[in-house]
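Results of the structural survey
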Amino acid sequence: MSLPLADFILYPFAVINHNYLSWISKVQVNHPAVLRRAQQVQARRTVKKEWQAAWLLKAVTFIDLTTLSGDDTSSNVQRLCYKAKYPIREDLLKALNMHDKDITTAAVCVYPARVCDAVRALKAAGCNIPVASVATGFPAGQTHLKTRLEEIRLAVEDGASEIDVVINRSLVLTGQWEALYDEIRQFRKACGEAHLKTILATGELGSLTNVYKASMIAMMAGSDFIKTSTGKETVNATFPVAIVMLRAIRDFFWKTGNKIGFKPAGGIRSAKDALAWLSLIKEELGDEWLKPELFRIGASTLLSDIERQIYHHVTGRYAAYHDLPMS
């Protein structure tokens, strides 16, 4: 049972008006209450047997399968795209009678320079999996705004239908909420028809109160998703941060009627982790958010462990990682 909203957020006003941002400075998050809720999530026992297999297959459909390495090449992006289309071995899916369900990952996420490679590979594979591109000086976000906006436009021109932007963390740390709003509005405009996923880099925002404020500003400015982390920070996706962001999403929905998506990223590596995140989404936002349009998991190694767990469920033994390669 989740704690009442009042235990977490103290509101200065009852209605959000996107033209007036001054109220943001008065919001406070109840830190101890958030930590208690996070402990409840971590202490919960996971589902077992066929229920676990079903939830894990569902988790696959939320993954933004990601490669963000300095040594990325067209060939490893091509392998990633193939894995996105065929995330679980066909014989395992047949054993579960799921081989005809068209299970794929939600998207493929790459650097802007690799967008064309991903688009070509997915087209050659005959699938419509979206290509997401990080942008705006990922991961630090410390390049000039003009350059960051151009990076978005180029990624969209190359075929990216989702853009994962990073915010200027200094605007949060110095309380420049209107400037942050204006920056994200410009990101929104540069994206055009592409979905805007705003990375808050929560491990570098200083406090849970700042996480809530940044979440709300990002949604007010037109983000389709808010995302925890780049995966490059010292601290990435954590349950306390997620709870605050999910409560912000819920508050925004209650006040505007608009559903905004959520994407945890960084450090989510095991099937057990994935199940915990799905449970949290179900409890905090409900089943309506358990679909790729509103929930994603940013990960590069998570899929391998999920496939190992499916392998174990089907065969009764664990596969070595080389038995279930990425290609």
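Treat the numbers as computed from the prediction; the structure is a model and nothing was measured. (Residues numbered from 1 in each chain as written. Predicted model: local features only at pLDDT ≥ 70, side-chain atom pairs only at ≥ 80, totals over all residues. Heavy atoms only, no water.)

Let us look at the overall build of the protein. Broken down by element type, the protein carries 12 helices and 10 strands. Against the 2.2 N^0.38 benchmark of 20 Å for 327 residues, the protein shows a C-alpha radius of gyration of 19 Å, consistent with a compact globule. Oriented by its inertia axes, the alpha-carbon framework of the protein measures out at about 55 × 45 × 35 Å. Within the protein, buried positions represent 53% of all 327 residues. Sequence separation of at least 24 residues holds for 75% of the intrachain contacts in the protein that already meet a minimum separation of 6. Looking at the protein, you have 40 positive and 33 negative side-chain charges, and the mean spots of the two groups are 3 Å apart. (Helix = DSSP H or I, 4+ residues; strand = E, 2+ residues; numbered from the N terminus. Rg over C-alpha atoms; globule rule 2.2 N^0.38 Å. Buried < 20%, exposed > 50% of the residue type's maximum accessible area, 1.4 Å probe, protein only. Contact = heavy atoms within 4.5 Å. Lys, Arg positive; Asp, Glu negative; His and termini not counted. Charge placed at Lys NZ, Arg CZ, Asp CG, Glu CD.)

In this structure's numbering, the residues bearing the UniProt feature "active site" (unreviewed entry) are Lys227 and Lys263. Despite a sequence span of 37 residues, these residues sit close together in the fold, their greatest C-alpha distance being 4.5 Å. Within the secondary structure, Lys227 sits in strand β8 (residues 225-227). With sequence-adjacent residues up to four places away left out, Lys227 is seen in contact with Asp164, Thr198, Ile199, Leu200, Ala201, Met245, Lys263 and Ala265. Topologically, Lys263 is positioned in strand β9 (residues 261-263). Residue Lys263 is classed as buried on the basis of its relative accessible area, which comes to 0%. At 2.8 Å, the side chain of Lys263 forms a polar contact with the side chain of Asp164. (UniProt positions renumbered as here; feature names shortened; annotations may be inferred. Polar contact = N/O pair within 3.5 Å; in protein donor to acceptor, adjacent residues only side chain to side chain.)

In this structure, Ile163, Leu180, Met216, Phe262, Trp277, Phe295 and Ile306 are the most contacted members of the largest nonpolar core, which totals 100 residues. Counting residues per element, this core draws most heavily on helix α10 (residues 239-256), which supplies 10 residues. Counting seven residues, the second-largest nonpolar core is a separate cluster that includes Cys109, Val134, Phe138 and Ile199. (Core = buried A, V, L, I, M, F, W, Y, C linked by side-chain atoms within 4.5 Å.)

Next up on the list: the packing of aromatic side chains. This structure, assessed with the given rule, holds six aromatic pairs. Ring centres of Tyr111 and Phe138 lie 6.0 Å apart, and the angle between their planes is 75 degrees; this geometry places the pair in the edge-to-face category. Of this pair, Tyr111 sits in the loop between β4 (107-110) and α5 (115-124) while Phe138 sits in the loop between β5 (131-135) and α6 (145-157), placing them 27 residues apart in sequence. Note on Tyr111: relative accessible area 23%, which makes it partly exposed. Put simply, the rings of Phe239, Phe262 and Trp277 pair up and form one aromatic cluster. In this arrangement the basic side chain of Lys259 is found over the ring face of Trp289, its NZ or CZ atom lying 5.7 Å from the centre. (Phe/Tyr/Trp six-rings, centres within 6.5 Å; stacked < 30°, edge-to-face > 60°. Lys NZ or Arg CZ within 6 Å of the ring centre and 35° of its normal.)

With that out of the way, let us pick up helix α1 (residues 31-43). Owing to its 3.6 residues per turn, the α-helix aligns residues three or four sequence positions apart on the same side. Taking 1.5 Å of rise per residue, the 13 residues of α1 would be expected to cover 18 Å, and the 19 Å separating its terminal C-alpha atoms lies within 8% of that figure. Along α1, the positions that sit buried rather than exposed are Ala33, Val34, Arg37, Ala38 and Val41. An end-on view of α1 places all buried positions within 140 degrees of arc, on one side of the element. Away from the buried face of α1 by more than 90 degrees, exposed residues Gln39, Gln42 and Ala43 are located. On its buried face, α1 is in contact with β2 (28-29), α9 (208-220), α10 and α11 (271-284). (Expected span 1.5 Å × (residues − 1). Arc of directions from axis to C-beta.)

Attention now moves to the pairing of β4. Going residue by residue along β4, you find Ala107 and Cys109 tucked away on one face and Val108 and Val110 tucked away on the opposite face as well. The sheet contact formed by strand β3 (residues 63-66) and β4 spans three bridges and is parallel. Directly across from Thr66, in β4, lies its bridge partner Cys109. Direction of pairing for β4 relative to β5: parallel, over a ladder of three bridges. Counted as the bridge partner of Cys109 is Ala132 from β5. The parallel pair β4 and β5 is bridged by α5, and the resulting crossover is right-handed. (Pairing = 2+ DSSP bridges. Right-handed = clockwise from strand over helix to strand, strands pointing away.)

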